[in-house]
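Each chain, written out:
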There are 2 protein chains.
Amino acid sequence: MIKIVIDAMGGDYAPEEQVKGAIEALNKDKDFAVVLAGDEEKLKAELAKYEFDPSRVEIVHAPDVITGDDVPTKAVREKKNSSTVAAFRVLKEGGADGLVSSGATGAVLAAGIMVLGRIKGISRPALCPAIPNLRGDQTLLCDCGANLECKSINLAHFAIMATAYAQAVYGIEKPKVGLLNNGTEDHKGDLVHQEANALLKTMDCIDYYGNVEGRDIMLNTDIDIVVADGYTGNIALKAVEGCAKTMGNLMKKAFTKNLFTKLRSALVYDVIKGFKSSMDYEIMGGSMFLGLKKAVVKGHGNSKARGFCACVLQAVNAVRGNMVEKISEMLEKIDAASIAPPASSEEEK
Amino acid sequence: MIKIVIDAMGGDYAPEEQVKGAIEALNKDKDFAVVLAGDEEKLKAELAKYEFDPSRVEIVHAPDVITGDDVPTKAVREKKNSSTVAAFRVLKEGGADGLVSSGATGAVLAAGIMVLGRIKGISRPALCPAIPNLRGDQTLLCDCGANLECKSINLAHFAIMATAYAQAVYGIEKPKVGLLNNGTEDHKGDLVHQEANALLKTMDCIDYYGNVEGRDIMLNTDIDIVVADGYTGNIALKAVEGCAKTMGNLMKKAFTKNLFTKLRSALVYDVIKGFKSSMDYEIMGGSMFLGLKKAVVKGHGNSKARGFCACVLQAVNAVRGNMVEKISEMLEKIDAASIAPPASSEEEK
């Protein structure tokens, strides 16, 4: 049976919402089990609130917490009894097939690389969130912050990893991949992006669409994946979040300005609610941390049970869909010659 | 009297909407005049549709048009009779104090630098659009596409230019400036952004807030200006546009899904309308092209009269508020030592 290890102490509302979310996931999908890493006593107290099949829940005692104030690599080395490090240790040692954490991003990235390790051939693992789009489902944005500066070969790897993710978790047979750039023409962007655009065109294992612009992330219904260097991807992701929140707030304001509109607001409440849920980051789950030896999902720090539950199911589906194996296969299939990195990426050949 | 020269043939709906917008602007502000550069016969035919004071409208015959397919620098050198080049020539030769164009962006940037010229001390002029924000007014984003790669000194100049723009056009005495980065801490971003953050802190002529993230562009009500390299700014701007359009479309869909919601949709029509207008790019006017010897406004290519009118008034206000002079003064006031560019920007000292 598939096992998912949970960093139960990571997150603003841990361990309450993490435990609640894990139990919700167990109720939604009957074919997996969880290992909760965290303070045993606290976890038992939380678990006592729910009914569940005890054979599907284990606890690994790890009372320490890594916070956003800790220096990630240092914390991973020194806080061996933190829930984050313990969870990755369970994963590494075969006690689980996938991991979910809403802990500090830096610590999750560091523990992923230092404790679990990368897939052979991948030098830069990447964070890949799912962004709601006009089509009504999700566009994957890879990378969005794990790698500040990238070479073209890294961007090619992001395309491969996100393709395997879209196939395994979302069941998209031939996901369409765009490269985030400041225009659609081939000459757009700096040298790295020009090289990456040329490289992606040669790769048979992905379905390449071409350069895309910032507006395509949500608006272009022909693409499933947007590949970006981590710096630009991070800014695009947050720009979109800020815009969605601002529009949500302004809409609320417009509807509650006076009593008359308040009345009408009640009438349209469920329409607004439906609209808001189609833009809801929580139901989109967390960011897949791609390029590691097993499936790792990074949930929002402020995840509540509903969002965390989505993250757990995402991890289950990634394991079930053989995401990591798919990435390895695609890397092997690539004609080494065709993807030989250009001069500027020489060292990573 | 202030004179604004209009590239009347530039834009998807030129010259109809450009002439209409110019006349609207003349009716809204009685204290300026326009020079229309374009095909004299066509312009006269358009003008015949409106009543206006003929002493406030001149025509400069320039029948050619530069399109998006032209190579900008080549077109500016060769198409001397294009409305864009003619308009910039009028501006350069003192026949006008400001310029508005909805023509091809590349051509406007090229003509601005090649025909009109830069302010002394500014090596990189920048495009600065106004983005609607949560506060209900605008946040200026500088640069958003004129400069792909920037040095820290360029980012410092963007801060100065946008500050002068906010003071002159929006009457903000001490506009607050943020630097777009992938996090708020001082160590965030690449070397250029770290240098720029350090440099901006030393500058007395601007009110520096610190690093800001993508979400702050619309959501942070404490800032008036976001400074960015042109590549990242371009992607952030378009990401926000894509998100706003997607949300607008999804909202419309939610309201027209069935007859019952259609009925309610009619009831809430004016609320939605009010909401949409608060997010309307048209009423925000165009992008100020900062760093040139005179005020230049770049309107959207698909500007209609209402949007173009806003651009013309923006140019008038920039002239009236002495925007260009303010930029020069701020550049002079800067203690040369304090803003000495770091090693990586050596050549532009």
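Small disclaimer: the values here were computed from a predicted structure and weren't measured. (Residues numbered from 1 in each chain as written. Chains lettered and ligands numbered in written order. Predicted model: local features only at pLDDT ≥ 70, side-chain atom pairs only at ≥ 80, totals over all residues. Heavy atoms only, no water.)

Caption draft 1: Inspection of the overall build of chain A at higher detail. On a plain count of helices and strands, chain A comes out with 13 helices and twelve strands. Across the 349 residues that make up chain A, the buried fraction comes to 58%. Nonlocal contacts in chain A, meaning residues at least 24 apart in sequence, comprise 73% of its contacts between residues at least 6 apart. Only carbon and sulfur atoms are counted for the fraction: they give 51% of the accessible area of chain A, which is about 14,100 Å². (Helix = DSSP H or I, 4+ residues; strand = E, 2+ residues; numbered from the N terminus. Buried < 20%, exposed > 50% of the residue type's maximum accessible area, 1.4 Å probe, protein only. Contact = heavy atoms within 4.5 Å. Areas by Shrake-Rupley, 256 points an atom, 1.4 Å probe, with all protein chains shown as cover.)

Caption draft 2: Local environment of the side chain of Asn133 of chain A. Mapped onto the secondary structure, Asn133 of chain A falls in the loop between β6 (130-132) and β7 (138-142). A distance of 3.1 Å separates a polar side-chain atom of Asn133 of chain A from the backbone nitrogen of Asp137 of chain A. Setting aside residues up to four positions removed in sequence, Asn133 of chain A forms contacts with Gln138, Thr139, Ile217 and Met218 of chain A together with Thr246 and Leu250 of chain B. (Polar contact = N/O pair within 3.5 Å; in protein donor to acceptor, adjacent residues only side chain to side chain.)

Caption draft 3: Representation of the sheet that holds β6 of chain A in the model. All names here are of chain A. The sheet built from five strands is open, its strands ordered β6-β7-β10-β8-β9 with mixed pairing. The open sheet has two free edges, formed respectively by β6 and β9 (207-212), since each of these has just one partner strand. Averaged over all pairs of adjacent strands, the angle between strand axes in this sheet comes to 30°, irrespective of strand direction. (Pairing = 2+ DSSP bridges. Axes fitted to C-alpha atoms, helices over the stretch in contact; angles between N-to-C directions.)

Caption draft 4: Quick look at the nonpolar core. Counting 90 residues, the largest nonpolar core has Phe88 and Val296 of chain A together with Phe88 and Val296 of chain B as the members making the most contacts within it. Of all hydrophobic cores here, the second largest spans 67 residues; its members include Leu36, Val177, Val297 and Cys311 of chain A. (Core = buried A, V, L, I, M, F, W, Y, C linked by side-chain atoms within 4.5 Å.)

Caption draft 5: The pattern of salt bridges, seen in detail. Tallied over the full model, the rule gives 26 salt bridges over all chains. Between Glu40 of chain A and Lys44 of chain A there is a salt bridge, with its nearest N and O atoms 3.4 Å apart. Here the residue Glu40 of chain A and the residue Lys44 of chain A both occupy positions in helix α2 (residues 40-47), the gap between them amounting to four residues, near one helical turn. For Glu40 of chain A, a relative accessible area of 31% corresponds to the partly exposed category. A salt bridge links Asp224 of chain B to Arg135 of chain B; the nearest nitrogen and oxygen atoms lie 3.4 Å apart. Remark: Arg135 of chain B occurs in the loop between β6 (130-132) and β7 (138-142) and Asp224 of chain B occurs in the loop between α8 (216-219) and β10 (225-227); sequence separation between them is 89 residues. Among the residues examined, Asp224 of chain B registers a relative accessible area of 12% and is labelled buried. (Salt bridge = Lys/Arg side-chain N within 4 Å of Asp/Glu carboxyl O.)

Caption draft 6: Layout of helix α4 (residues 83-92) of chain A. All names here are of chain A. Where burial is concerned, most of α4 is hidden: eight out of the ten residues are buried. By the burial criterion, the buried members of α4 are Ser83, Thr84, Val85, Ala86, Ala87, Phe88, Val90 and Leu91. Looking at the residues trailing α4, positive phi occurs at Gly94, about 90°.

Caption draft 7: Structural view of the sheet that holds strand β12 (residues 295-298) of chain A. All names here are of chain A. Spatially, β3-β2-β1-β4-β12-β11-β5 is the arrangement adopted by the seven strands of the open sheet, whose pairing is mixed. Each of the sheet's edge strands pairs with one partner strand only, and the pair in question is β3 (57-61) and β5 (126-128). Strand after strand, the sheet turns through a mean of 25° between neighbouring axes, direction not considered. Where strand β1 (residues 2-7) meets strand β4 (residues 98-101), four bridges bridge the pair, whose relative direction is parallel.

Caption draft 8: Structural context of the environment of Ala166 of chain B. All names here are of chain B. When you line up the elements, Ala166 lands in helix α6 (residues 152-170). For the pair Ala166 and Val85, spaced 81 residues apart in the sequence, the C-alpha separation amounts to 28 Å. Residue contacts for Ala166: discarding those within four places in its chain leaves Leu140, Gly171, Ile172, Pro175 and Ile225.

Caption draft 9: Representation of the packing of aromatic side chains in the model. Inspection of the entire model under this criterion finds two aromatic pairs over all chains. Ring plane angle 55° and centroid distance 5.5 Å describe the contact between Tyr165 of chain B and Tyr170 of chain B, whose orientation is recorded as tilted. Directly above the aromatic system of Tyr13 of chain A lies the positively charged group of Lys304 of chain A, at a separation of 4.5 Å from the ring centroid. Above the plane of the ring of Phe32 of chain B lies Arg56 of chain B, whose end atom (NZ or CZ) is 5.8 Å from the centre. (Phe/Tyr/Trp six-rings, centres within 6.5 Å; stacked < 30°, edge-to-face > 60°. Lys NZ or Arg CZ within 6 Å of the ring centre and 35° of its normal.)

Caption draft 10: Expanded view of the packing of helix α1 (residues 16-28) of chain A against α2 of chain A. All names here are of chain A. Packing of α1 against α2 brings their axes to within 10 Å, and their N-to-C directions diverge by 55°. Relative to α2, the element α1 lies oblique. With respect to the hand of their crossing, α1 and α2 are arranged in right-handed fashion. Here Glu16, Val19 and Ile23 of α1 come into contact with α2, specifically with Leu43, Glu46 and Leu47. Across the contact of α1 with α2, the residue classes break down as four nonpolar, no polar and two charged. (Parallel < 35°, antiparallel > 145°, perpendicular 65-115°, else oblique. Left-handed = near helix turned anticlockwise from the far one by under 90°. Nonpolar A, V, L, I, M, F, W, Y, C, P; charged D, E, K, R; others polar.)

Caption draft 11: The environment of Leu26 of chain B, seen in detail. Residue and element names in this part refer to chain B. As for its position among the elements, Leu26 is in helix α1 (residues 16-28). Since its relative accessible area comes to 4%, Leu26 is described here as buried. Every residue in contact with Leu26, bar those within four places of it in the chain, is listed here: Phe32, Ala33, Val34, Arg56 and Val57.

Caption draft 12: Structural view of the side chain of Ser83 of chain B. Residues and elements named next belong to chain B. Looking at the element boundaries, Ser83 is found in helix α4 (residues 83-92). Exposure remark for Ser83: the relative accessible area of 1% places this residue in the buried category. Not counting residues up to four positions away in its chain, the partners in contact with Ser83 are Asp7, Ala8, Met9, Gly10, Ala37, Gly38, Ala62 and Asp64.

Caption draft 13: Looking closely at the environment of Glu24 of chain A. All names here are of chain A. Within the secondary structure, Glu24 sits in helix α1. Measuring from C-alpha to C-alpha, the distance between Glu24 and Arg77 comes to 33 Å, with 53 residues separating the pair along the chain. Those residues in contact with Glu24, other than ones at most four positions away along the chain, are Ala305, Arg306 and Cys309.

Caption draft 14: Quick peek at helix α5 (residues 105-116) of chain B. All names here are of chain B. Taking 1.5 Å as the rise per residue, α5 with twelve residues should run 16 Å; its terminal C-alpha atoms sit 15 Å apart, in good agreement. On its buried side, α5 packs onto α3 (72-78), α4, β4 (98-101), β5 (126-128), β11 (287-290) and β12 (295-298). Gly117 lies just past α5 and shows a positive phi near 100°. (Expected span 1.5 Å × (residues − 1).)

Caption draft 15: Representation of unusual backbone geometry in the model. Residue and element names in this part refer to chain A. Look at the link from Ala14 to Pro15: it is a cis peptide, with omega at -5°. Along the chain, the position of Pro15 falls in the loop between β1 and α1. A positive phi angle, close to 55°, is found at Asn322, a residue other than glycine. Within the secondary structure, Asn322 sits in the loop between α12 (305-320) and α13 (323-333). Taking relative accessible area as the criterion, Asn322 reaches 40% and is therefore assigned partly exposed.

Caption draft 16: Examining the pairing of strand β8 (residues 176-180) of chain B more closely. Residue and element names in this part refer to chain B. Summarising burial for β8: four of the five residues are buried, a large majority. Bridging between β8 and strand β9 (residues 207-212) involves five bridges; their strand directions are parallel. In the sheet register, Leu180 faces β9, and the bridge partner there is Val212.

Caption draft 17: Examining the confidence of the model for chain A more closely. Residue and element names in this part refer to chain A. On average, residues of chain A carry a pLDDT of 90, and 87% of them reach 70 or more. Long-range and interchain partners of residues 342-349, a stretch whose pLDDT sits below 50, account for 14 contacts in this model, where long-range means more than four residues apart. Overall fold confidence (pTM) sits at 0.89, and the ipTM for the predicted complex is 0.86. (pLDDT = per-residue confidence, 0-100.)

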